[in-house]
Each structure stands twice: as structure tokens, then as C-alpha cells.
Amino acid sequence: NSSGGDSTTMNAEHPPEATRAETDGGKMLPSAATTQGTTGTLLDGGASGGGDVTTEESEVPVRPGAIRVYPSDRAPSPDIENDDAAVTADDQTPIHAESQLLGQSDQVIAEAYAVEDLEDPPSAVVVDTCFGIERKRLIIIVSVSTVAIAIILGCVFGILAPLSKRNTSQQTCGPLCGPGTTLPDGNRKVFGATCEDWNFNSTNLPLFTQDERTCTDIYAAAAYGCGCADIEIPVDGCGMLCSDSSEFLPDPQFVVKDINNQELSCKDWQLKSQFDTDSEECVNYNAIGALCGCTSNEVHPDACGGLCPRGEDFFHSTAHRIWNTACGSWDTFARYLPIWYNNKKKQTCEEYYSEVAYGCACQVLSDVELECGTLCQQRRTCNPICQGGKKDIPDPDLVVRRETCRDWELHSRLEVHEFVCPFYNMVGAQCGCNNDPAPDACGPLCGVGASLPDPEKEVYGQTCESWDFMSTYLGPAYGEPDNPVIRSCEEHFSGIAYACGCSVVESPTDGCGTLCGDGSALPQPTKVVNAKTCQDLELLSLFERDTTQCRRYEIFGTLCGCPRSAVYEEDCFKLEHLQNKTYYFGAGGSVYSASFGGDGYFAQIQNNGDLFMIGWFNGFDNDTVAMFGGGAPCGTYGPRSGSVLIVEDDLTKSPEITYVIEPSICVYQAELKVPKFCDA
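The structure presented is a predicted model; accordingly, all values stated were derived computationally and were not measured.

1. A few points about the pattern of salt bridges
All told, the structure shown has eight salt bridges when counted by the stated rule. Residue Arg413 pairs with Glu355 through a salt bridge whose shortest N-O separation is 2.8 Å. On the criterion of sequence distance, the pair formed by Arg413 in helix H11 (residues 405-414) and Glu355 in helix H9 (residues 354-359) is long-range, its members being 58 residues apart. Taken as a pair, Arg413 and Glu355 share a single burial class, namely buried. The salt bridge involving Glu458 is made with Arg402; its shortest N-O contact spans 3.5 Å. Of this pair, Glu458 sits in strand S18 (residues 458-459) while Arg402 sits in the loop between strand S16 (399-400) and strand S17 (403-404); the two residues are 56 residues apart in sequence, bridging distant segments of the chain. What emerges from the salt-bridge pattern is a single network uniting Glu355, Arg380, Glu409 and Arg413.

2. Thoughts on a negative patch on the surface
Together, Glu350, Glu351, Asp367 and Glu369 make up a region of like negative charge exposed at the surface. Tracing the backbone through its elements, the reader meets Glu351 in helix H8 (residues 349-352).

3. Notes on the pairing of strand S25 (residues 590-595)
Where burial is concerned, most of S25 is hidden: six out of the six residues are buried. Every second residue of S25 is oriented toward a common face, with Ser590, Tyr592 and Ala594 on one face and Val591, Ser593 and Ser595 on the other, all of them buried. Across six bridges, the pairing between strand S24 (residues 582-587) and S25 is antiparallel. If you follow Phe585 over to S25, its bridge partner there is Tyr592. Where S25 lies against strand S26 (residues 601-605), four bridges are found, and the strand directions are antiparallel. Among the inter-strand pairings, Ala594 is bridged to a residue of S26, identified as Phe602.

4. What to know about the packing of aromatic side chains
Tallied over the full model, the rule gives 23 aromatic pairs. Where Phe617 meets Phe620, the ring centres are 5.3 Å apart and the plane angle is 70°; that geometry is what we call edge-to-face. Taking relative accessible area as the criterion, Phe617 reaches 15% and is therefore assigned buried. The partly exposed category is assigned to Phe620, whose relative accessible area is 26%.

5. Examining the nonpolar core
Grouped together as the largest cluster of nonpolar side chains are 39 residues, with contacts concentrated most on Ile259, Trp330 and Tyr353. With residues up to four places along the chain from it excluded, the contact list for Tyr353 reads Ile259, Cys304, Leu307, Trp330, Phe333, Ala334 and Leu375.

6. Observations concerning the state of the cysteines
Considering all chains together, one arrives at 21 disulfides under this definition. Two residues, Cys173 and Cys215, share a disulfide whose sulfurs are 2.0 Å apart. Across the disulfide from Cys173 to Cys215, rotation about the S-S bond amounts to roughly -85°, and the bridge is consequently left-handed. Separated by 42 residues along the polypeptide, Cys173 in the loop between strand S8 (171-172) and strand S9 (189-190) and Cys215 in helix H4 (residues 215-225) bring together distant segments of the chain. Between Cys634 and Cys666 runs a disulfide, and the two sulfur atoms are separated by 1.5 Å. Linking Cys634 in the loop between strand S28 (625-630) and strand S29 (641-648) with Cys666 in the loop between strand S30 (656-664) and strand S31 (667-674), this pair joins segments that are 32 residues apart in sequence.

7. Considerations on the sheet that holds S29
Ordered by their spatial adjacency, eight strands build an open sheet running S24-S25-S26-S27-S28-S29-S31-S30, and the pairing between neighbours is mixed. At either margin of the open sheet sits one strand with a lone partner, and together these are S24 and S30. On average, each strand axis in the sheet is tilted by 25° relative to the strand beside it, whichever way the strands run. On top of the sheet, helix H16 (residues 550-559) reaches S24, S25 and S26; it is set at about 75° to S24, its chief contact.

8. Quick word on the layout of surface pockets
Rolling a probe over the atoms, with the probe sized like a water molecule, indicates the empty space that remains. Roughly 950 Å³ of volume is contained in the largest pocket. Every residue lining the largest pocket is counted, 35 residues in all, and those nearest its centre are Thr558, Arg564, Thr582, Tyr583 and Tyr584. When residues of the lining of the largest pocket are traced back to their parent elements, those giving at least two are H16, S24 and S30. Broken down by element, the residue count for the lining of the largest pocket peaks at six residues, all from H16. The residue inventory of the lining of the largest pocket, partitioned by class, reads 15 nonpolar, 11 polar and nine charged. Estimated volume of the second largest pocket: approximately 780 Å³. Forming the boundary of the second largest pocket are 31 residues, of which Thr216, Asp217, Ile218, Tyr219 and Ala220 lie nearest the centre. Of all elements in the fold, only helix H3 (195-204), H4 and helix H5 (266-275) reach the threshold of two or more residues within the lining of the second largest pocket.

Criteria and thresholds
- Residues numbered from 1 in each chain as written.
- Predicted model: local features only at pLDDT ≥ 70, side-chain atom pairs only at ≥ 80, totals over all residues.
- Heavy atoms only, no water.
- Salt bridge = Lys/Arg side-chain N within 4 Å of Asp/Glu carboxyl O.
- Helix = DSSP H or I, 4+ residues; strand = E, 2+ residues; numbered from the N terminus.
- Buried < 20%, exposed > 50% of the residue type's maximum accessible area, 1.4 Å probe, protein only.
- Patch = residues over 30% accessible without salt bridge, like charges linked within 9 Å, V, L, I, M, F, W, Y side chains within 5 Å.
- Areas by Shrake-Rupley, 256 points an atom, 1.4 Å probe, with all protein chains shown as cover.
- Lys, Arg positive; Asp, Glu negative; His and termini not counted.
- Charge placed at Lys NZ, Arg CZ, Asp CG, Glu CD.
- Pairing = 2+ DSSP bridges.
- Phe/Tyr/Trp six-rings, centres within 6.5 Å; stacked < 30°, edge-to-face > 60°.
- Core = buried A, V, L, I, M, F, W, Y, C linked by side-chain atoms within 4.5 Å.
- Contact = heavy atoms within 4.5 Å.
- Disulfide = S-S within 2.5 Å.
- Axes fitted to C-alpha atoms, helices over the stretch in contact; angles between N-to-C directions.
- 1 Å grid on protein atoms, 1.4 Å probe; cavity = no way out; pocket = protein on both sides within 12 Å on 5 of 7 lines; lining within 4 Å.
- Points joined across faces, edges and corners; volume = space filled by probe spheres on them.
- Nonpolar A, V, L, I, M, F, W, Y, C, P; charged D, E, K, R; others polar.

Next up, the structure:
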């Protein structure tokens, strides 16, 4: 299309907004305006003096193809000079647009047309292009790109230039002991680093201008500790750790952590104190000196007088640690540090030490605020149990997992192992906090959208509701990396879901089965054997696929009262009835077995099924004591040994071990009650 002689045809079957010609590879591609055997109106913008040439709709058939047009700013070629006058609508030879190459025609140049749909009849407008892009659009694109590039370059050079300038202005402090000097002992350690390391830092690390400290502030104490000559101790420093100015320390290598959680040896603390010119820090060195054994140091008049609110002793030992600091050290801080030190919130003594007093078990405790205090904010590892740092627990007195939600919040503050933190997030959800599950959480115990049949039923010591929260909020990432609590969701929760009545889980067909071999119900389901109830042991047996463990569960079945496969049917007891028989006893987390005969032994059964040998059967002594010896080594006490007392009991129907004790180190004793002895 040209600006002075626009000719096109409009097709009623094709919407005007789709009628746009494109140039591609030297061709003028046909637009949707090319008619397909219909009639229409031919519009001429006046190629010859602006005259209009219009044919009536009923008289002019519009044929397929493209109508040749001329550019507005150039004349037709001489060989087709009179084409416009000669051509009529009836005898015009169609020119297909795809064969109309720009290189072969003077009448088609790099211009394209677009058709607007607002007029009736439609009109054609000229769209000037450059490089195949509408000229106006190209101008906008170029302008925006130029501005964007300018901004980017401005930002880059604005950052790089100051950086370059700053790098050239940065200086180092030079060798630790001064120019041209050598270290007396590069391997000596000061403040936990070797003197060689201190010298490297001093020589190579830049001293930034925004750091208000001087080289002397940073390296003087280390240089003095490394034995550099001509290093003077500041006259306005805090001095020796001991208030009598004695250089003697009972144990210079004893490691002490201050209230700011910095840990150094007493020797290094004394060096740091000598070069610290901040007068407010001197009270901290006085407290550290007391921890290092300085008997001359005095308590501060503004101190709290002790960790517990009334100065009484705490129940935990002085070595018990809160935030990896011993309770004894916390008590020293409370006696030697003024309450204004490290206390920007201006808390009272009870407020400041409340979490530590709780952790060390002071006899009388003041109410601990739900908002984390100064020490808590500095030391805590886990977030509050309510996600997002919210201090408001919906119901602080609600009991969850046998503790109130308030107590759980305090436990979370004192936790020092980061891998436990997801547990407190789960407990927070049980307390009503709007917490999010862990990314790898296993999901609801009975499946998404399913409810628990009996939330209060206990399995493995906790309710099904608690197990559901654990499954919903925790996943295989919970626990230590090399010892995860949840090895896999299926392995950990399938048995629990089955015991809780979830319909999505069935007991495996390849497990060890019920404890009672005949499939009967447990006679004593709540009896504790090997630190678990019999009903919990049966659940473990159902889902145990390691066939080597099945024998253990048979033993547990015996201890849980399951009928024995071999029933004792004798009317009276003889020692030969014990031959090749094995009897078991469970005590808390231990299970013992005793057998009699040539291969008999007295042993403790480990959790993995292995035997810890107490001794081999050595025969009977006076027909009332079975002797066992040559067991596992027991250090300086020699091999372990044991005995089983044979005790007659008229009420006993079959032989049964009633107790196992260790009356002396590595010497064990058991009692086997038997029916009435047979008459000689």
C-alpha cells in the first residue's frame, strides 16, 4: 500500500482487525483483506491528482489476489505508465501477493497498511515501517531502551566508581610487631588464634574508614600477648582480673564464658581486661575474675544478690547448664554484675534472670513473662512456639503433652539444639497457634480430610491426637542429620495409624504377627515388658518385617502371658524337668533368659536381639541353685557370673522366673519358682 494511492478490498467474512499485511523476506504477504470471491468496495486514496475512483458494490466483482498500488512519493515505471487508466475492475489481472517481490516491482516498497474497524465503509490508513517494525513503535522501543541502558550504566558506574576509589584508599595495619620485625613465637595462641594468624590479619586485612577503631584498638592486645616489643598497656584499662592487681591466676587455662556469651581462657580474659579502656566493661571483668578464682573480688552493690529471687539455692547442680552456661556461673553473674550491665530494657533482677532461674530450678519462682527478655533474646536458639514471633499464646494454661503451653514456651527459650526447634513449632500448633507445617511434613495421620476415630487413645505413650499433630507438622528432616527421628513417613507412622484406627492402613502380611502365636488376645495388654506395654509390643511385632526379630517377640509374648506352646503338665517338680528349657524375665527395659542343660546359659537380651552373656550353665549346687560362669568381661572384676535359685512354691503351676538382681558388681542372681518338689 502507498500513501498516495491506497487500494485494498474489504471482505465481510474476515474481521477488519485481522487485516494487516506483513513484509517478510522481500514478499508482501496477503492480508485478511484479500477477498475470496465476494464483492466489495474499492477505495482509492487518489493516486492521480486526488481523484476518487469508486465502483458500485453491485457492479464490481472483487477477485482473489492483491490490487497493485503505487507509492505516493514516486511515479509509476515507464513500462506501466498507463496501467491505472487502462485497468478496470472487470479485466484487471490479479497479482498474488506472495509472488509480488519487492525486488521485481517499483510499486511496492517498505510500507504496510492497517485497517481500522471504526468506519463504515472501512478506510485504509498508511503504516510506515522501518526494518519491518512500525516506525512509531520503533521510535518508542529505541527511546525506552536508551533510557534503560543509561540508568543501568549509571547505577553500575555509580557503584563501581566509589568501590574503586575506596579500595585504593584502604590501608592495612602492617606487621603485628611493627615494620621490619619478626614474631617471637608464631605458634603461640592468643584469644584462640595463633600469633601467625594475627600477624597475617594485621598485614593483609584492610582497615575500613568507617571503622572507628584504630590499629592499636584492634591489634595491641594480641601483639602484647604474642610477645611483641614496645607494646604498652593502657593506663586507663580495666587492669588485672583480680582486684588486688595480682597477676596470679589459679588456673590460667581454665575456660570461662561471660554473660555476653564470649568464651576465653582466664589468661586471655586478663589480657583483654588490661587493654579494654571502656570503663563500663570493667564490672564484667570483675565477675569473670570471680569465675577464674580471684578471691579478692567483691560483689557489686547494684547486683541482684544471687540467681534466685530470694537468694536461696537452686535445685539443679551448679554444673547444670542453661544456654551452655553453668547455673553456678549464672549465680556468679547475678552476684557480681550490676543490674544495669547488658540490660538495655531496664528489667528488674527477677525479670532479667527469670528464664535462667526457671531452668536452674529455683525453689521460689516469680512469674515468667510470655515476652522474651534480654538474655532470652540474646541466647535462645528456637523461635517462640507461636509462629511469626507473636508473644500471645491463645491459652497459656492449656495442657499439651503433659505440660502447659506456657511451660512449652519456656522450654523452647532454653533449647540449645537447633534440630529440636520443629518440635516446638508443632507443640505451638497444638496450643492453638497458627503455625505452618515443615516443608517435608508427612501429612495428617489418617489422610487428608479424614478424622481420627479415637483421638484420646494412647499408642506408644501418647494420644492419637498428639501423633496426628506430629505426622502433620514433622517430616524426615526432623532430628539430627545422621540420626533422624522419622526415617520415613510410612515406616514411622503406619503402625501408629493402624493402632489409632485409621482405615487407610492395614497390618502387613509379612510381619511377625501377634505376640500370642495362636492369634488370641493378650492376657495382660497393659503389662510393661522391656519398657513398653504388651499392646505396644504387639503393634511393633505386627509391623516388624525383619524375620530375625520375630523370636524376640515370641519371648515378649511369653512374658505378656500368652499360652506356652509346651504346657507344664507334671504333678510335681523334678530338676530334670528344666533340661533344655528356657525361661524369661522382663524388668523395665531389660529382658533376661535362663536355660538349663548342656548348652544352657544366663543372659540379658539386648534391644537388637543380641545376647549379653552373664554365664554358661555349670550344673546345680545342692539341687537348689543353678550355677553360671564365664560370662562377658567386666573390667577389673573379671568375667560376669550368676546363679538361679530354685524355690519351691505350692501355688506355682509351672516354673517361672520372678526376679533378677545384681547384688554385687557383675554378679547376677535370679529366682525361679517351681511347683512342689516330687517326693524322693
